[in-house]
Amino acid sequence: MYVQIDLDGPAGTLRVSGYEMPTVELVRAPGDEPDPLIPIGTRAAGRLTLTVDGAPARIRPGRGRLLRRSYRVDAVFSGTRYRLVPCSYVESRLLRDGRPLGTLESSGDGKVDAEWAPGAGPEPLDRAVGTALVAAFGTGAAPWWDTVTNIVAELIP
């Protein structure tokens, strides 16, 4: 299935579209200096607007701190809950209402690789929302013990 991803991180805009797919748009509010480590520029939910085919959706990214799960991103559209959560250093798992749909990867450059779970049957909406979340926030995170080890190593002269 063809997916078009148009990400402009400095401007804070993302548009995901494709043949027989809903169009998903994520826009960062103007004003703040974008965070260069986050493709869309922020993890502050109040600074982001998510729409699916023009209808509003809710988005709530985690703060992205010490624990892997703090990098999760939750979105709700039309009663369906999506969660993107890191599952390795480079990949994140997409869930719909708690059910795994696939594993996705992006280094934050607007390109997304997806491996959809066999039998999961992701619908075009699932693919569009998942691709948008991955393109906007990137994927993967280090486990807590690796992060702590790096912090301690920096403190030791």
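Residues numbered from 1 in each chain as written. Predicted model: local features only at pLDDT ≥ 70, side-chain atom pairs only at ≥ 80, totals over all residues. Heavy atoms only, no water.

Within a sheet, neighbouring strands are paired by backbone hydrogen bonds and run either parallel or antiparallel to one another. Taken together, the ten strands give an open sheet; going across it, the order is β1-β2-β3-β4-β5-β6-β7-β8-β9-β10, and neighbouring strands pair in antiparallel fashion. Of all the strands in the sheet, just β1 (4–8) and β10 (113–116) have a single pairing partner and so form its edges. This sheet shows a mean twist of 20 degrees between the axes of neighbouring strands, independent of strand direction. Note that strand β4 (residues 48–52) and strand β5 (residues 55–61) share three bridges and pair antiparallel. Each residue of the ladder has a partner; that of L50, found in β5, is A57. (Pairing = 2+ DSSP bridges. Helix = DSSP H or I, 4+ residues; strand = E, 2+ residues; numbered from the N terminus. Axes fitted to C-alpha atoms, helices over the stretch in contact; angles between N-to-C directions.)

Counting all residues, the mean pLDDT for the protein chain is 88, and 89% of those residues have values of 70 or more. For the protein chain, helix α2 (residues 144–155) is the element with the lowest average pLDDT, namely 66, and β4 is the one with the highest, namely 98. (pLDDT = per-residue confidence, 0-100.)

Pairing geometry for strand β7 (residues 80–86) and strand β8 (residues 91–96), over five bridges, is antiparallel. Note that in β8 the partner of R83 across the bridge is L95. The loop that links β7 with its antiparallel partner β8 comprises four residues. In the sheet, β8 pairs with strand β9 (residues 99–105) via six bridges, with the strands oriented antiparallel. Paired with L94 across the bridge in β9 is G102. Here β8 folds back onto β9 in antiparallel fashion, the turn holding two residues, of which D97 has a positive phi close to 50 degrees.

Counted along the chain from β4 to the antiparallel partner β5, the turn is two residues long, and its residue D53 has a positive phi close to 50 degrees. By the bridge criterion, four bridges tie β5 to strand β6 (residues 73–77) in an arrangement that is antiparallel. When the bridges of β6 are listed, R60 appears paired with D74.

On to the side chain of T139. Following the sequence through the fold, T139 ends up in the loop between α1 (124–137) and α2. Within polar-contact distance, the side chain of T139 engages the backbone nitrogen of S106 at 2.9 Å. Setting aside residues up to four positions removed in sequence, T139 forms contacts with Y89, V90, E91, S92, L104, E105, S106 and V134. (Polar contact = N/O pair within 3.5 Å; in protein donor to acceptor, adjacent residues only side chain to side chain. Contact = heavy atoms within 4.5 Å.)

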